[in-house]
Amino acid sequence: MDSYFQRIEVESTEILASCWLWDFAGQKDFYATHQAFLSKCAVYLLVTDKLEASYVEKLWTDFDSAAEYVRFWFNSIHCYRPIDPVMSTTNFKIRRQLDPPVIVVCTNEDKVKVNTSSHKGIRENISSQAKLMNDWGKDCPLKWLLFQQVLGKLKETDVPISTTKALKKIARHKDIGITDDEEFVLCLQYYHDIGTIIYFDEETLRNYIILDPEWLVDAFRCLVSDKITDIISLSRDWKVLKERGELTGSLISLLFEKEPKLKFLENKEHLLEVMKRFDIVVNVANSDTLYMPCMMEACSFTAMQKVHG
């Protein structure tokens, strides 16, 4: 167990925090998957080339203006976030705002020269916003940090998903000492909130823990991306998906087989349950048939009624 732990000494009077950078796909096909990775413990950069209507028209015709496009992203990020009072750790003044914070960065590489002072300003803005968030500077038990190092080592050894039972056994090791089941769940929820793992303490999901969120991204990409082989694109199942949104079991297997090394097929059941939780795939009432709305071709509500009744 000792080989899992590292001792790092930093001489500093400031509170430091490790951070991860996530680059969300901007294509509309991936919009439905973003919600699985949105966290309250994050500062968001909304980067757009222009705020002109002509630019928005190239992105998605459903947006009438650039402001509406930007508002869409604000709403997506804040969809599950209520307005809470935020305690500043620097001046202890209470302010009210939508959390998590979103910083809009407008760029246009062909017209704006690189300005290092602008980059510095963005970094300082990110830092100042992070320090005003509720979770900044919050104490974390040392044994939770030790457990996180073990999870990181498992991820590095190509273990993207594990059973909760197996990780609970590791957490109970004498060098870590998370022996209480309730504390174990709290620890998992904490690391889920900060984006380190994917875990839901729900009946159909609590038996597995995704250690590598990027692995889940790749699984989503297998299903929602149009980058497929001719064999799949010419199949009847693919035609049914594009026309009716119906996702057959055989098509799921074919799509997951695009990345055999990532072992999606072995974890197919859990992956589908995660997708159901976020309505990326859905069941129609009294039916086991799966549908993927984001892959359906756009049509009127009347046309949809004719297809599905």
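All figures in this text were calculated on a predicted structure; none of them were measured in a lab.

Enquirer: Any chance you could break down helix α11 (residues 249-256) for me, citing the residues and the numbers?
Expert: Where α11 is concerned, the buried positions are Leu251, Ile252, Leu255 and Phe256. Projected down its long axis, α11 carries its buried residues within an arc of 130°, all on one side. For α11, the secondary structure elements touched by its buried residues are α8 (213-224), α9 (230-233), α10 (236-244), β7 (246-247), α12 (268-277) and β9 (290-291).

Enquirer: Requested: an account of the nonpolar core, with residues and values cited.
Expert: Within the largest apolar cluster, 35 residues are counted, with the highest numbers of intra-cluster contacts made by Leu216, Phe220, Trp238, Leu247, Phe256, Met275 and Met292. The greatest single-element share of this core, amounting to 7 residues, is contributed by α8. Look past the residues within four positions of Phe220 in its chain and what remains in contact with it is Thr33, Ala36, Phe37, Val274, Met275 and Ile280. With 18 residues, the next largest nonpolar core counts Phe147, Leu167, Cys187 and Tyr199 among its residues.

Enquirer: So what's going on with the confidence of the model for the protein? Residues and values would help.
Expert: Residues with a pLDDT of 70 or more make up 75% of the protein, whose mean pLDDT is 80. Note that pLDDT drops below 50 for residues 1-7; the model gives that stretch 16 contacts with residues more than four away or on any other chain. In the model, residues 82-96 has pLDDT below 50 throughout and makes 30 contacts with residues more than four positions away in sequence or in other chains.

Enquirer: If you had to explain the sheet that holds β9 to someone new, which residues and values would you point to?
Expert: The strand order across the open sheet formed by 3 strands is β7-β9-β8, and the pairing between neighbours is antiparallel. Of all strands in the sheet, those bounded by a partner on one side alone are β7 and β8 (282-283). In this structure, β7 lies alongside β9, joined through 2 bridges in antiparallel fashion. Its bridge partner being in β9, Glu246 is matched across the sheet by Tyr291.

Enquirer: Could you give me a rundown of the environment of Glu297, with the residues and numbers involved?
Expert: Inspection of the secondary structure puts Glu297 in the loop between β9 and α13 (301-308). Sequence separation between Glu297 and Glu243 is 54 residues, and the spatial gap between their C-alpha atoms is 6.3 Å.

Enquirer: Summarise the environment of Leu205; cite the residues concerned and give the values.
Expert: Among the secondary structure elements, Leu205 is positioned in the loop between α7 (181-193) and β6 (208-210). Sequence separation between Leu205 and His270 is 65 residues; the distance between their C-alpha atoms is 7.0 Å. Other than its neighbours up to four places away in sequence, Leu205 contacts Phe200, His270, Glu273, Val274 and Arg277.

Enquirer: Talk me through the packing of helix α6 (residues 164-171) against α7; I want residue IDs and the actual numbers.
Expert: Between α6 and α7, the shortest axis-to-axis distance is 11 Å and the interhelical angle comes to 110°. Classified by the interaxial angle, the pair formed by α6 and α7 is roughly perpendicular. Here Thr164, Leu167, Lys168 and Ala171 of α6 lie close against α7, whose contacting residues are Asp181, Phe184 and Leu188. Per-class residue counts for the contact of α6 with α7 are 4 nonpolar, 1 polar and 2 charged.

Calculation rules
- Residues numbered from 1 in each chain as written.
- Predicted model: local features only at pLDDT ≥ 70, side-chain atom pairs only at ≥ 80, totals over all residues.
- Heavy atoms only, no water.
- Buried < 20%, exposed > 50% of the residue type's maximum accessible area, 1.4 Å probe, protein only.
- Helix = DSSP H or I, 4+ residues; strand = E, 2+ residues; numbered from the N terminus.
- Arc of directions from axis to C-beta.
- Contact = heavy atoms within 4.5 Å.
- Core = buried A, V, L, I, M, F, W, Y, C linked by side-chain atoms within 4.5 Å.
- pLDDT = per-residue confidence, 0-100.
- Pairing = 2+ DSSP bridges.
- Axes fitted to C-alpha atoms, helices over the stretch in contact; angles between N-to-C directions.
- Parallel < 35°, antiparallel > 145°, perpendicular 65-115°, else oblique.
- Nonpolar A, V, L, I, M, F, W, Y, C, P; charged D, E, K, R; others polar.

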